[in-house]
Amino acid sequence: MSTAAPRLGAPSPCAAPPALLAVRSARPGDAVALEALSRPFVRSGALRRRPLSLYASDATDFLVVEACDGTLDGCLGVSVHPADPDEGRGPAGVLYNFCVAPRSQGRGVGVALLRAALTEADARSLCALFTATTGGGELFLRHGFAPTAAELAPRAWADSLDPARNSRVLARTL
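Residues numbered from 1 in each chain as written. Predicted model: local features only at pLDDT ≥ 70, side-chain atom pairs only at ≥ 80, totals over all residues. Heavy atoms only, no water.

(A) Molecular detail of the pairing of strand β5 (residues 128-133). With respect to burial, β5 is a largely interior element, 5 of its 6 residues being buried. For the crossover that starts at strand β4 (residues 92-100), traverses helix α3 (residues 109-123) and ends in the parallel β5, the hand is right-handed. Note: β5 against strand β7 (residues 168-173), 6 bridges, orientation antiparallel. Along β7, the bridge assignment pairs Thr-131 with Leu-170. (Buried < 20%, exposed > 50% of the residue type's maximum accessible area, 1.4 Å probe, protein only. Helix = DSSP H or I, 4+ residues; strand = E, 2+ residues; numbered from the N terminus. Right-handed = clockwise from strand over helix to strand, strands pointing away. Pairing = 2+ DSSP bridges.)

(B) Molecular detail of the pattern of salt bridges. For the coordinates displayed, the defined rule picks out 8 salt bridges. The partner of Arg-24 in a salt bridge is Asp-30, and the shortest N-O contact between them spans 2.8 Å. By the burial criterion, Arg-24 is buried, and Asp-30 matches it. Between Asp-73 and Arg-103 there is a salt bridge whose closest N-O contact spans 2.9 Å. With Asp-73 in strand β3 (residues 72-81) and Arg-103 in the loop between β4 and α3, this pair connects stretches of sequence that are 30 residues apart. Members of the salt-bridge network, linked through shared partners, are Arg-24, Asp-30 and Glu-66. (Salt bridge = Lys/Arg side-chain N within 4 Å of Asp/Glu carboxyl O.)

(C) Quick look at helix α1 (residues 31-44). If you check α1, its first and last C-alpha atoms are 20 Å apart, about what 14 residues at 1.5 Å a residue would give, namely 20 Å. The largest bend in α1 is about 35 degrees, located at Ser-38, with the proline Pro-40 one to four residues further on. What α1 keeps buried is the set Ala-31, Leu-34, Leu-37, Ser-38 and Phe-41. The secondary structure elements touched by the buried residues of α1 are α2 (52-57), β2 (62-66), β3 and β4. Phi for Gly-45, located one or two positions after α1, is positive at around 95 degrees. (Expected span 1.5 Å × (residues − 1). Bend = angle between axes of the 7 residues up to and from the residue. Contact = heavy atoms within 4.5 Å.)

(D) Structural context of the pairing of β4. Burial of β4 is extensive: 8 of the 9 residues sit out of reach of the surface. Two elements, β3 and β4, share 7 bridges in a ladder whose sense is antiparallel. Bridge pairing links Ser-79 to Val-94 in β4. In the sheet, β4 pairs with β5 via 4 bridges, with the strands oriented parallel. The residue of β5 that forms the bridge with Gly-93 is Leu-129.

(E) Examining the packing of aromatic side chains more closely. One pass over the full model with this rule turns up 4 aromatic pairs. With a centroid separation of 6.0 Å and 40 degrees between ring planes, the pair formed by Tyr-55 and Phe-62 is classed as tilted. Across this residue pair, the class does not change: Tyr-55 and Phe-62 are buried. Note on Phe-62 and Tyr-96: the rings are 5.4 Å apart at their centroids and 65 degrees apart in plane angle, and the pair reads as edge-to-face. Here Phe-62, found in strand β2, pairs with Tyr-96, found in strand β4; they are 34 residues apart in sequence, far enough to count as distant. (Phe/Tyr/Trp six-rings, centres within 6.5 Å; stacked < 30°, edge-to-face > 60°.)

(F) Focus on the nonpolar core. By size, the foremost hydrophobic cluster in this structure holds 20 residues, and its most contacted members are Leu-95, Leu-114, Leu-129 and Phe-145. For this core, the secondary-structure elements that each account for two or more residues are β2, β3, β4, α3 and α4 (138-142). In contact with Leu-95, not counting residues within four places along its chain, are Leu-76, Gly-77, Val-78, Leu-114, Ala-117, Leu-129, Phe-130, Thr-131, Phe-140 and Phe-145. One finds Leu-34, Leu-47, Leu-72 and Cys-99 within the second-largest nonpolar core, a separate group that totals 15 residues. (Core = buried A, V, L, I, M, F, W, Y, C linked by side-chain atoms within 4.5 Å.)

(G) Structural context of the confidence of the model for the protein chain. This prediction gives the protein chain a mean pLDDT of 89; 89% of its residues lie at or above 70. Confidence drops under a pLDDT of 50 for residues 1-13, and excluding neighbours within four residues, the segment shows 3 contacts in the predicted structure. (pLDDT = per-residue confidence, 0-100.)

Below, the structure is given as structure tokens:
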């Protein structure tokens, strides 16, 4: 039996293999943890700032992966927008506030969250999923998303995009 301490930067000894990661719906009590997980990404400019009150009111939009110590390894918001018959659009989802704790990046947390979001979108009979990213969006592109015009997304969400962020809108038809 080894008594050596885990290497710095190594995955936690309680880290589950990617195939065993459990994704769950967030609960209102997760609001503080959602805000804490998102904070470094807000500081870097990767995410827009959201007040704690918004995480509290929208907590049930989020899918999360929880570490064995109870902290969150990752989160992804999924908002549902009703059909817009005037625009000829069916119901659509928007993925937002997608982040994975630095200690958990590269372990499949993001893939597990995105797959769970796709499963949820299918269960809700959504016609499309949209997201906006200031990064390259590689994970989304690998999962069938493609660049699209913001005008094709749900109007309320598209109107909320900050042009100064120079985000790229991606979509996946379901």
